[in-house]
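Residues per chain are reported as follows:
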Amino acid sequence: MALWEKSEAYMEYTGFIATLNESIKRKPLSVDCKISDNIKKLLTLLEKLDKLIDEYPPMEQPQRFGNVAFREWLAKVKANSTILLQEMLELSLHVTICEIKVYLEESFGNATRIDYGTGHEMAFVMFLCCLYKIGMLDTEDNVATVFIIFNKYIQIARRLQKTYRMEPAGSHGVWSLDDYQFIPFIWGSSQLIDQPRIYPPAKFLEDDIIEKYCEEYMFISCIKYIKEVKKGPFAEHSNQLWSISAVGSWTKINQGLIKMYKKEVLAKFPVVQHVLFGSLLPIRRFPLN
């Protein structure tokens, strides 16, 4: 773990999250952003994976959670990942596919346990980070990467969770932020900095605010999803988010969530043990000079 926290991969990954966090500050999802051809190609890939869910409906089975049809869907994704990436990337970048495809394949959950958690979310953000490193995406794509690509990914992840009744990876209970995601809360809180209509932040718990702004702000969309899938008082099933609502500003919430992510996700062995390292995200020590 000490090696990981001083590695190039760690610096690249945390730096990538911070850079995109800055790029989307104060912006709603509907903001007019540049949509490059490569963003369109990446969106097409995700749309194909989304459509593939239709081909593997949940099976009749005795156990309530973890529908085994998910395994077939994921096996199909893994069988097709190379071809999909070849279609997306120009020929000169095909040499990178053997490395970046692994991050994509790990982004949607575990086939054995039929679960999904922050480690799978992390794999997708690492996949995006790699696309920047190989030059497929560049800084002009920053806003679209979050608002179009990452947002679509979250929609697919939610659809998988609901369709196949996926378990949350690891035991979280009410003391974690959310059963499945973390990064949309970080990036989503950055969007809300200086947003007067959702201030003070406690307003994010109000139903009329949720209905009005869930399409514009990722953070609010996450709250809406939690309220749909969990029953009972919000303070009981989502205690951490309830506590966050008392913080005075979105800037403080945003900074606090980044610190919390490093401590509660990136510093936890059960998450990091599954991370894969290669030439794009190396485990070697980050050079200090």
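Structure: see above.
Now for a quick tour of the structure. If you're wondering where the values come from, they're calculated on a predicted model, not measured in any experiment.

## Description of the pattern of salt bridges
Right, on to step 1. One pass over the structure, following the stated rule, counts 17 salt bridges.
Right, on to step 2. A salt bridge links Asp-54 to Arg-159; the shortest N-O distance between them is 2.4 Å. Placement of the pair is Asp-54 in the loop between helix H3 (37-52) and helix H4 (69-88) and Arg-159 in helix H7 (residues 142-163), with a sequence separation of 105 residues.
Right, on to step 3. Take Asp-54: its relative accessible area is 49%, and that puts it in the partly exposed class.
Right, on to step 4. A salt bridge links Lys-227 to Asp-207; the nearest nitrogen and oxygen atoms lie 3.0 Å apart. With Lys-227 in helix H10 (residues 218-229) and Asp-207 in helix H9 (residues 207-213), the pair connects residues that are 20 residues apart, well separated along the chain.
Right, on to step 5. Assessed through its relative accessible area of 52%, Asp-207 is described here as exposed.
Right, on to step 6. Through salt bridges that share partners, Asp-50, Asp-54, Lys-152 and Arg-159 make up one connected network.

## Section: helix H6 (residues 118-133)
Right, on to step 1. Relative to the 22 Å expected for 16 residues at 1.5 Å per residue, H6 spans 22 Å between its end C-alpha atoms, a close match to the ideal helical length.
Right, on to step 2. The buried count for H6 comes to 14 of 16 residues, which makes it a mostly enclosed element.
Right, on to step 3. At the exit of H6 stands Gly-135, carrying a positive phi of roughly 90 degrees.

## Let's talk about the nonpolar core
Right, on to step 1. Among the nonpolar cores identified, the biggest contains 99 residues, and Trp-73, Phe-127, Leu-131, Trp-187, Leu-257 and Tyr-261 are the most heavily contacted of them.
Right, on to step 2. Counting residues per element, this core draws most heavily on H7, at 11 residues.
Right, on to step 3. What Trp-73 contacts, discounting residues up to four positions off in sequence, is Leu-49, Leu-52, Ile-53, Tyr-56, Phe-108, Leu-160 and Tyr-164.

Rules and cut-offs
- Residues numbered from 1 in each chain as written.
- Predicted model: local features only at pLDDT ≥ 70, side-chain atom pairs only at ≥ 80, totals over all residues.
- Heavy atoms only, no water.
- Salt bridge = Lys/Arg side-chain N within 4 Å of Asp/Glu carboxyl O.
- Helix = DSSP H or I, 4+ residues; strand = E, 2+ residues; numbered from the N terminus.
- Buried < 20%, exposed > 50% of the residue type's maximum accessible area, 1.4 Å probe, protein only.
- Expected span 1.5 Å × (residues − 1).
- Core = buried A, V, L, I, M, F, W, Y, C linked by side-chain atoms within 4.5 Å.
- Contact = heavy atoms within 4.5 Å.

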